[in-house]
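Chains, contacts and geometry: an overview
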Amino acid sequence: MKGLVERGVALGERAAARRREMVLAEARAVPGVTASVEGEDVVIEGRALLGRWVEDVRLRYIGRGG
């Protein structure tokens, strides 16, 4: 049973890593946005992001696809 749980955790961690990479690629595709992975988080930075988030649908939907 312990081996099964460990395998499930490992599969979940790999899936989360793939998802972080997808979100990172989506964010980096938006001009003027920089993105990085810090721990388990994807950090998105850029000038006037809140205002741009309202106008640019690409920013609103980062990470929602897939």
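To start, this report covers the structure provided alongside it. Please read all numbers here as calculations on a predicted model, not as lab measurements.

**Here's the deal with the overall build of the protein chain**
Each helix and strand in the protein chain was counted, giving three helices and two strands. Since a compact globule built from 66 residues should have a radius of gyration of about 11 Å, the 15 Å found for the protein chain marks it as more spread out than a globular shape. The principal-axis extent of the C-alpha atoms belonging to the protein chain is close to 50 × 20 × 15 Å. Out of the 66 residues belonging to the protein chain, those deemed buried represent 14%.

**Side note on the packing of aromatic side chains**
If you walk through the whole model with that rule in mind, you get zero aromatic pairs. The ring of Trp 53 carries Arg 60 above its face, with NZ or CZ at 5.9 Å from the centroid.

**A word on the nonpolar core**
Counting eight residues, the largest nonpolar core consists of Val 23, Leu 24, Ala 27, Val 30, Val 33, Ala 35, Leu 59 and Ile 62. Secondary-structure elements contributing two or more residues to this core are α1 (2-28) and β1 (33-38). When residues in this core are grouped by element, the largest group, three residues, is from α1.

**A short note on unusual backbone geometry**
At Ala 48, a position not held by glycine, the phi torsion is positive, near 55°. The residue Ala 48 is located in the loop between β2 (41-46) and α2 (49-55) in this model.

**Overview of the pairing of β2**
Within a regular strand, the side chains alternate between the two sheet faces. As judged from the six bridges shared by β1 and β2, these two strands associate in the antiparallel manner. Looking at the pairing, Ala 35 lines up with Ile 44 of β2. Where β1 folds back onto β2 in an antiparallel hairpin, the turn is made up of two residues, including Gly 39, whose phi is positive at roughly 65°.

Calculation rules
- Residues numbered from 1 in each chain as written.
- Predicted model: local features only at pLDDT ≥ 70, side-chain atom pairs only at ≥ 80, totals over all residues.
- Heavy atoms only, no water.
- Helix = DSSP H or I, 4+ residues; strand = E, 2+ residues; numbered from the N terminus.
- Rg over C-alpha atoms; globule rule 2.2 N^0.38 Å.
- Buried < 20%, exposed > 50% of the residue type's maximum accessible area, 1.4 Å probe, protein only.
- Phe/Tyr/Trp six-rings, centres within 6.5 Å; stacked < 30°, edge-to-face > 60°.
- Lys NZ or Arg CZ within 6 Å of the ring centre and 35° of its normal.
- Core = buried A, V, L, I, M, F, W, Y, C linked by side-chain atoms within 4.5 Å.
- Pairing = 2+ DSSP bridges.

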